[in-house]
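Remarks on the overall topology
Residues per chain, in single letters:
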Amino acid sequence: MWPLLLCRMPGDERRYDAFISYSYQTDGPRLAPAVQRGLQRLTVPWYRRSPRRIFRDHTSLPAGSNLGQSIEEALADSRYFVLMASPAAARSAWVCKEVQFWQENREPETFVIVLTDGTINWDKDKQDFDWEQTDALPERLSGYFEAEPLWLNLQWAREGRWRPSLWNARFRLAMATLAGNKIIDKDVDRLYSIDARLHRIATVVRSAVTLALAVLMVLATVFAIDANRSAAAVAEQRNQALSRALAASSETMGDRDPVLSRLLSVAAWRISPTPQARASMLRVATRPGIAVLKANDTQVKAVSFSPDGTTLATAGDAVRLWDMSTHREIGQPYGQKAEWVGFSPNGELLAIEDADSQVRFWHTASQQTLGAPLVLHQPSAFGDQGPITSVAFSANSRTVAMGSGDGTVRLFDVDTRQQVGVPLGEAVNVLHNGQVAFVFRPQDLTAATAANDGTVRFWDLTNHQQIGDAVSAHASDITTMVGPAVAFSPDGTVLASAGIEGTVRLWDAAKRQQIGNPLTGHTRSERMTTRPSIAFSPDGKLLATGSLDGTVHVWDVAGQRQIGQPLAGHSGPVSSVAFSADLTTLASASQDGTIRLWNVDTLVRASNPFAAHQASVHALAFSPDGKSLLSSGDYGGLIADHGTPYACSNTGWLICLNGPGWYSTAGVGSEAMTNVTLYRGGANDAVIDKWLSRMVDGPTMIFWDVATRRRTESVRTGDTRTIRSVAYSPDGKFIGAGGWDAGNKSDRTGRWLLREVGGNPLADQTTGRLRVVRSVAFSPDSKTLATATDDDLGNGIHPTVSLWDLATRTKVDLLNDVHTFSVAFSPDGTALVSSGVDGRIRLWHTDTKQSVGELTGHTGPVGSVAFSPDGKTLASAGDDGAIRLWDMVARRQLGEPITGHTGPVYSVAFSPDGRLLASGSGDNSVRVWDVATREQVSDPILGHSRPVRSVKFSPDGRSLASGGEDTMVRMWDVGYTVDVVKSLCDKVKRDLTADEWARYVPDVEYRTVC
């Protein structure tokens, strides 16, 4: 064997005695640290500090060091180089760099090899290593040694049964051999004997101390347990703080970077799964932003979805294609600047308007340019043509129209590239003045144009003639360099025009007349380079618009109103918008150089309600299997103002019914019951006739198939003109309903109904001279029905909660109460709660039928109560706009009230897992709350145009139904709440990168979150 000189030579002031180079994969966890400790502690008594310094990167570098620079400085400041040779080390780029540095700067005599894995073989004939058999050394060592070097074999020390420590005699001998002859002038044998003697002494000392340590161990264990608990508490506090910071960063980021925002919220949950972290994930999950596509374009001018929705094309500094399943760019970009890009309706062609005012065609199947470009090469009779201002495909993909800056539009045959006829209107001098936008009508040979002269024109393409007169649509400004935008709905019945002043108008395409009022909200378009952008959804129910303000607005076409808040995220003007074919995604392009993808599912659902009732909807109930939804409300008499001074409507807790020649109201407090009857034979005859002509008689209960969203049955309940509450029995066999009977005009009574699911009515019971049955609830065993009613005034009988035996259809108990609005059984059936006009919530024991207490806190009528699935929590809401949670074991309020609604809260409902609470309010909104944190975890769901009277979760928790005074039943997708982590990870399609982790989660080892 050979010696390794570790002692310093006279005049050699290097800082390290040796530099250890190794593969972390092979030797880093165990053997390299043992060799470092062995060389440092050899011959050094345990109570003394070692005079030797051995460099190993994981222990010798200070925090924050520049790795490359620090390694090089350590190499230059070391006397010997110890290579722990292995196949992994031979392949390591870092090891090779360290070997190269030593070869270039130091002598072979200072290079030491320790074999830990693999093979080293010396070829005596070539006086070099046999590189066909040697796999443990970098090949750059070829020719470095003039004679065969000696190496130390430590492969045995990698075996699990060996402990690489100086306490092990074999390892101590190996370290002594490695250290050499020069340490304190001792040879290897003497060096080994000294170290062995020191270890014998240390053994004696260790034995003497062992007993003392054993005594101390018990005490240390006690203290350690406490210390561990304290350390665990400190670690948990640190994790919670980091989780909060990540959640805050995620929410602050919003839709600016939706992917990173979602990933950070999941990371917050992974680090500390607190209720606050889950609430943050839920809030992030409801944001509409899906992804931001960045392609290093200075600006993006246009976006277009392929007809099948799988590909998105974008125009900017280049034309790029994007895979919508991965959100990644497909292939290489078409490397020319483009002003516009669009797929043909049949998907075979991609039209590209380049910066030279030419339109080229890209064949999507072969991915090749097809034929010669289209050029506006013929000058107009009215002057220079100017640049292309719009391009559009016909519905059959055979014709392309090109608008020009001179106000003309030319049609071209796609196959022949020849112009078809004369420019629109040129023959009769009917032309726009300024930038012109053009759109084909999908159904026939007609089209529409708009220009910055403020007009909209309709055209017959068979003779290239204008249809009717030009329509004055928008403010005229012919000095601008951009014009308006136009788009037809898919069925061709509606034309939308977006003016440069920021307004959007809808037009009846057949009558060529404006529909309703302008849609406002955008700021004025940028004057020089950016025209407004506009696009219909494939079903024609939504309209998306973008403008200078950097936002995208989505509009309900039928209701002519904006849906939700503007989609904000772009930092520059929005130049183009487009819907995917499946209606799930909206793409927007901007001058900020990005393309943003938005989830429009909530907006789509808001514009696609169930074709519901003819009057207000007051109650909803899912069947226990979740396949059916039951909605109930008024029979139809309140659908609209009937044009008479006698028409009435529901306001707050007031109930109003009207019929042919009569109306009645029922209220609370000072709102006494009113009965008015009009008789013929006088001055009122004309009023009564007009009233009767406008009356409707619709169903009060409708059954819906949840999967198809279609009604399966409509039920008219005779004289019971309003059904205020419905419920399925827990066993799924019965349906209960309660309302107000308008049969006897002078003595209107409450009524409850029992119906067999899929069968005939089983019971039709009046409840005496009562006002209204406002609430019904089944007991968990489906044997009892509870009804909450208001009593008639002046009869001396208190309002009641009644219990009915469903087998006999008879009243079995009467629980005295004030005016009662809502009633609910606990999940175990042992308790019943009722609420009413005085703001108190009363608790009843179902066996004794006795009151067991009250819950107070509301300052007005309480119209809704609901138990959590485990029965431990009760939610209540009412006229004061507050939602309160109650501990049903301690019978006290849990925390502060939940606030946020700006009107009375008419309905609350727990999700099946009890973690979420939904509410419907007089402010027309539906909101979702996290129960643990009492935080709102969704933006207000603004689909209804009037107060929301009922909300219910589906049994699987994936849908939320709402019904309101706007006559609509709506279904919202809340499936993401069931497994919010999976939902977020499925959307982002990637994980946090190491760089992102290092930036947002410093001082914590990297881990995957999705």
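Further up the page is the structure itself.
If you're wondering where the values come from, they're calculated on a predicted model, not measured in any experiment. (Residues numbered from 1 in each chain as written. Predicted model: local features only at pLDDT ≥ 70, side-chain atom pairs only at ≥ 80, totals over all residues. Heavy atoms only, no water.)

A few words now on the overall build of the chain. When its secondary structure is counted, the chain shows 13 helices and 67 strands. Residues counted as buried form 55% of the 1010 residues belonging to the chain. Partitioning the contacts of the chain with sequence separation of at least 6, the portion at a separation of at least 24 is 51%. For the chain, the accessible surface area stands at approximately 43300 Å², while carbon and sulfur atoms represent 50% of it. (Helix = DSSP H or I, 4+ residues; strand = E, 2+ residues; numbered from the N terminus. Buried < 20%, exposed > 50% of the residue type's maximum accessible area, 1.4 Å probe, protein only. Contact = heavy atoms within 4.5 Å. Areas by Shrake-Rupley, 256 points an atom, 1.4 Å probe, with all protein chains shown as cover.)

Next up on the list: the sheet that holds strand E58 (residues 873-878). In space, the four strands of this open sheet follow the order E57-E58-E59-E60, with antiparallel pairing throughout. Two strands bound the open sheet, and with one partner strand each, they are strand E57 (862-867) and strand E60 (892-893). (Pairing = 2+ DSSP bridges.)

Let us now look at helix H6 (residues 169-179). The element H6 is largely enclosed, with a buried count of eight among its eleven residues. Within H6 the residues assigned to the buried category are Phe171, Arg172, Ala174, Met175, Ala176, Thr177, Leu178 and Ala179. Put simply, asparagine 168 is the residue that caps the front of H6, since its side-chain oxygen is 3.0 Å from the backbone nitrogen of arginine 170. (Polar contact = N/O pair within 3.5 Å; in protein donor to acceptor, adjacent residues only side chain to side chain.)

Taken together, the four strands give an open sheet; going across it, the order is E8-E37-E36-E35, and neighbouring strands pair in antiparallel fashion. Of all the strands in the sheet, just strand E8 (289-294) and strand E35 (574-579) have a single pairing partner and so form its edges. Averaged over all neighbouring strand pairs, the angle between strand axes comes to 20 degrees, with direction disregarded. Lying on the sheet, helix H8 (residues 258-271) is in contact with E8 and strand E37 (594-599); it crosses E8 at an angle near 125 degrees. (Axes fitted to C-alpha atoms, helices over the stretch in contact; angles between N-to-C directions.)

Tallied over the full model, the rule gives 25 salt bridges. Among the salt bridges present, the one from arginine 751 reaches aspartate 741, with a minimum N-O distance of 2.4 Å. With arginine 751 in strand E47 (residues 749-756) and aspartate 741 in strand E46 (residues 734-741), this pair connects stretches of sequence that are ten residues apart. Here arginine 970 makes a salt bridge to aspartate 966, at a shortest N to O gap of 3.9 Å. Taking relative accessible area as the criterion, arginine 970 reaches 5% and is therefore assigned buried. On the accessibility criterion, aspartate 966 (10% relative accessible area) is buried. Here the salt bridges do not stand alone but share partners, grouping Asp838, Arg840, Arg842 and Glu854 into one network. (Salt bridge = Lys/Arg side-chain N within 4 Å of Asp/Glu carboxyl O.)

As a further point, take the packing of helix H9 (residues 275-285) against helix H12 (residues 980-988). At a closest axis distance of 10 Å, the pairing of H9 and H12 adopts a crossing angle of 40 degrees. One way to sum up the angle between H9 and H12 is to call them oblique. The interaxial crossing formed by H9 with H12 has left-handed handedness. Between H9 and H12, the contacting residues are Met281, Leu282, Val284 and Ala285 on the first element and Val980, Val981, Leu984 and Lys987 on the second. When grouped by side-chain class, the residues that make up the contact of H9 with H12 number seven nonpolar, no polar and one charged. (Parallel < 35°, antiparallel > 145°, perpendicular 65-115°, else oblique. Left-handed = near helix turned anticlockwise from the far one by under 90°. Nonpolar A, V, L, I, M, F, W, Y, C, P; charged D, E, K, R; others polar.)

Take helix H5 (residues 93-105) next. For an α-helix, the turn length of 3.6 residues means that residues three or four places apart are oriented alike. Taking 1.5 Å of rise per residue, the 13 residues of H5 would be expected to cover 18 Å, and the 19 Å separating its terminal C-alpha atoms lies within 8% of that figure. Residues Val95, Glu98, Val99, Phe101, Trp102 and Gln103 constitute the buried set of H5. At the N-terminal end of H5, a side-chain oxygen is found 3.4 Å from the backbone nitrogen of tryptophan 94, two or three residues along, and the residue is serine 92. (Expected span 1.5 Å × (residues − 1).)

Its place among the elements puts arginine 505 in strand E28 (residues 504-508). For arginine 505, the contacting residues outside a window of four places in its chain are Ala473, His474, Leu495, Ala496, Ser497, Gln514 and Pro518.

With that settled, the discussion passes to the environment of phenylalanine 361. With respect to the helices, strands and loops of the structure, phenylalanine 361 is situated in strand E15 (residues 358-363). Setting aside anything within four residues of it in sequence, one finds phenylalanine 361 in contact with Leu349, Leu350, Ala351, Gln368, Thr369, Leu370, Leu374, Phe393, Val400, Val414 and Arg417.

Let's shift gears to the side chain of threonine 846. Inspection of the secondary structure puts threonine 846 in the loop between strand E55 (841-845) and strand E56 (851-855). Side-chain polar atoms of threonine 846 contact the backbone oxygen of glycine 829, separated by 2.7 Å. Among residues more than four places away in sequence, those in contact with threonine 846 are Phe825, Gly829, Thr830, Ala831 and Leu832.

Looking now at the environment of valine 494. Structurally, the position occupied by valine 494 is in strand E27 (residues 494-498). Along the backbone, valine 494 and valine 557 are 63 residues apart, and their C-alpha atoms lie at a distance of 9.0 Å. In contact with valine 494, other than residues within four places in its own chain, are Ala487, Phe488, Ser489, Leu506, Trp507, Ala509, Ile515 and Phe536.

Right, let's get into the pairing of strand E19 (residues 399-404). Of all six residues in E19, five are buried; the element is thus mostly enclosed. Direction of pairing for strand E18 (residues 388-393) relative to E19: antiparallel, over a ladder of five bridges. If you follow isoleucine 388 over to E19, its bridge partner there is serine 404. With antiparallel pairing between neighbouring strands as the criterion, E18 and E19 make up a hairpin whose turn holds five residues, including serine 397 at a positive phi of roughly 65 degrees. Of the pairings in the sheet, the one linking E19 to strand E20 (residues 409-413) comprises five bridges and is antiparallel in character. Each residue of the ladder has a partner; that of alanine 401, found in E20, is leucine 411.

Let us look at the pairing of strand E9 (residues 302-305). The side-chain alternation of E9 yields two buried faces, one formed by Ala302 and Ser304 and the other by Val303 and Phe305. Of the pairings in the sheet, the one linking E9 to strand E10 (residues 311-315) comprises four bridges and is antiparallel in character. Each residue of the ladder has a partner; that of phenylalanine 305, found in E10, is leucine 312. In sequence, E9 turns back onto E10 through a hairpin of five residues, with glycine 309 there showing a positive phi of about 75 degrees.

Enumeration over the complete set of coordinates arrives at 20 aromatic pairs. With centroids separated by 4.9 Å and ring planes inclined at 35 degrees, the aromatic side chains of phenylalanine 81 and phenylalanine 111 adopt a geometry described as tilted. Of the two residues, phenylalanine 81 sits in strand E3 (residues 78-85) while phenylalanine 111 sits in strand E4 (residues 111-115), which places them 30 residues apart along the sequence. Each of the two residues, phenylalanine 81 as well as phenylalanine 111, counts as buried. Arranged with centres 4.8 Å apart and planes meeting at 85 degrees, the rings of phenylalanine 438 and phenylalanine 440 form a pair that is edge-to-face. Given a relative accessible area of 5%, phenylalanine 438 falls into the buried group. By way of ring pairs, the aromatic residues Tyr16, Phe19, Phe55, Phe81, Trp102, Phe111, Trp122, Phe129, Trp131, Tyr144, Phe145 and Trp151 are connected into one cluster. (Phe/Tyr/Trp six-rings, centres within 6.5 Å; stacked < 30°, edge-to-face > 60°.)

Moving on, we come to the packing of H8 against H9. Closest axis-to-axis distance for the H8/H9 pair is 8 Å, and the angle between their directions is 165 degrees. Taken together, H8 and H9 sit at an angle that is classed as roughly antiparallel. Crossing geometry of H8 relative to H9 is assigned as left-handed. Only Ala277, Arg278, Ser280, Met281, Val284 and Ala285 of H9 make contact with H8, whose side of the interface consists of Ser261, Arg262, Ser265, Val266, Ala268 and Trp269. Per-class residue counts for the contact of H8 with H9 are seven nonpolar, three polar and two charged.

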